[in-house]
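Fold and contact review
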Amino acid sequence: MAQPGGGPPRHRQRRAAAGAAEGRAGGADQGLLRAAGGRLQNDHKALMKQVEEALHQLHAREKEKHAKDEAEALAEAMSQSQNLPQAFAKVNTVTPGSPASISGLQVDDEIVEFGSVNVNNFQNLQNIATVVQHSEGRPLSVTVIRSGKKVHVGLTPKRWAGKGLLGCNIIPLQR
């Protein structure tokens, strides 16, 4: 509605006056806001730099820890392999379904004890053949090195559908 004097309504006049006052005051506020925004941006940059540095330190520590763990594992593996007894023979074939297969003997097992035969008294494969013949039907204790670990196997030499009493082939190791 128009005022009797022909101007805009009073509520519009008041709003316009308030807007003009805000505009004048707003200029000063805008400067303060820009300065605060600049400080916030600088603070954010500094904070992000601290986060980045902390992440670099964290990853460096993890890398050092991983390298140390690997070195310890290698040292432990080396000490275990040094503590393993010396093998004198190796299994180079195992027939499926044979007494050797059933006992768990595997190809590439290195024999360190076969009944009473060990590295100290082993002379040739005839030593093993003699133990096998005298142990037919009775379990023998066989100790092998498999994948760097000492493994015990109970092997009972006996007649089966295949050749021999064991069903495996053993070759002497050249040391």
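Quick look at the structure, then. (Residues numbered from 1 in each chain as written. Predicted model: local features only at pLDDT ≥ 70, side-chain atom pairs only at ≥ 80, totals over all residues. Heavy atoms only, no water.)

1. Re the overall build of the chain
Looking only at helices and strands, the chain features three helices and six strands. Listing each helix as α and each strand as β along the chain from the N terminus yields α-β-α-β-β-α-β-β-β. Long-range contacts, defined as pairs at least 24 residues apart, comprise 60% of the intrachain contacts of the chain with a sequence gap of at least 6. Total accessible area on the chain is roughly 12700 Å²; 54% of this is exposed by carbon and sulfur atoms. (Helix = DSSP H or I, 4+ residues; strand = E, 2+ residues; numbered from the N terminus. Contact = heavy atoms within 4.5 Å. Areas by Shrake-Rupley, 256 points an atom, 1.4 Å probe, with all protein chains shown as cover.)

2. A look at a nonpolar patch on the surface
Nonpolar side chains collect at one region of the surface, where Leu47, Val51, Leu55 and Leu58 lie side by side and expose about 320 Å² of accessible area between them. Its place among the elements puts leucine 58 in helix α1 (residues 10–83). (Patch = residues over 30% accessible without salt bridge, like charges linked within 9 Å, V, L, I, M, F, W, Y side chains within 5 Å. Salt bridge = Lys/Arg side-chain N within 4 Å of Asp/Glu carboxyl O.)

3. So, the pattern of salt bridges
Tallied over the full model, the rule gives three salt bridges. Linking lysine 90 and aspartate 108 is a salt bridge whose minimum nitrogen-to-oxygen distance equals 3.6 Å. Of the two residues, lysine 90 is situated in strand β1 (residues 89–94) and aspartate 108 in the loop between α2 (99–103) and β2 (110–114); the sequence distance between them amounts to 18 residues. Overall, lysine 90 belongs to the partly exposed group, its relative accessible area being 24%. For aspartate 108, a relative accessible area of 48% puts it in the partly exposed group. (Buried < 20%, exposed > 50% of the residue type's maximum accessible area, 1.4 Å probe, protein only.)

4. Considerations on the side chain of serine 135
Take serine 135: it is sitting in the loop between α3 (125–134) and β4 (140–146). The buried category is assigned to serine 135, whose relative accessible area is 10%. In this structure, serine 135 is in contact with Leu140 and Pro157, ignoring residues within four places of it in sequence.

5. Focus: unusual backbone geometry
Notably, aspartate 108 is not glycine yet its phi reads approximately 80°, a positive angle. Positioned with a positive phi, serine 147 is a non-glycine residue whose angle comes to about 55°. Inspection of the secondary structure assignment puts serine 147 in the loop between β4 and β5 (149–155).

6. Quick look at the pairing of β2
As judged from the two bridges shared by β1 and β2, these two strands associate in the antiparallel manner. The residue bridging lysine 90 from the neighbouring strand is glutamate 110, located in β2. Where β2 lies against β4, four bridges are found, and the strand directions are antiparallel. Within β4, the residue paired with phenylalanine 114 across the bridge is valine 142. Bridge analysis of β2 against strand β3 (residues 117–118) gives two bridges, and the strand direction is antiparallel. Following the sheet pairing, glutamate 113 is matched in β3 by asparagine 118. The antiparallel hairpin formed by β2 and β3 contains two residues in its connecting segment, where glycine 115 sits at a positive phi of about 65°. (Pairing = 2+ DSSP bridges.)

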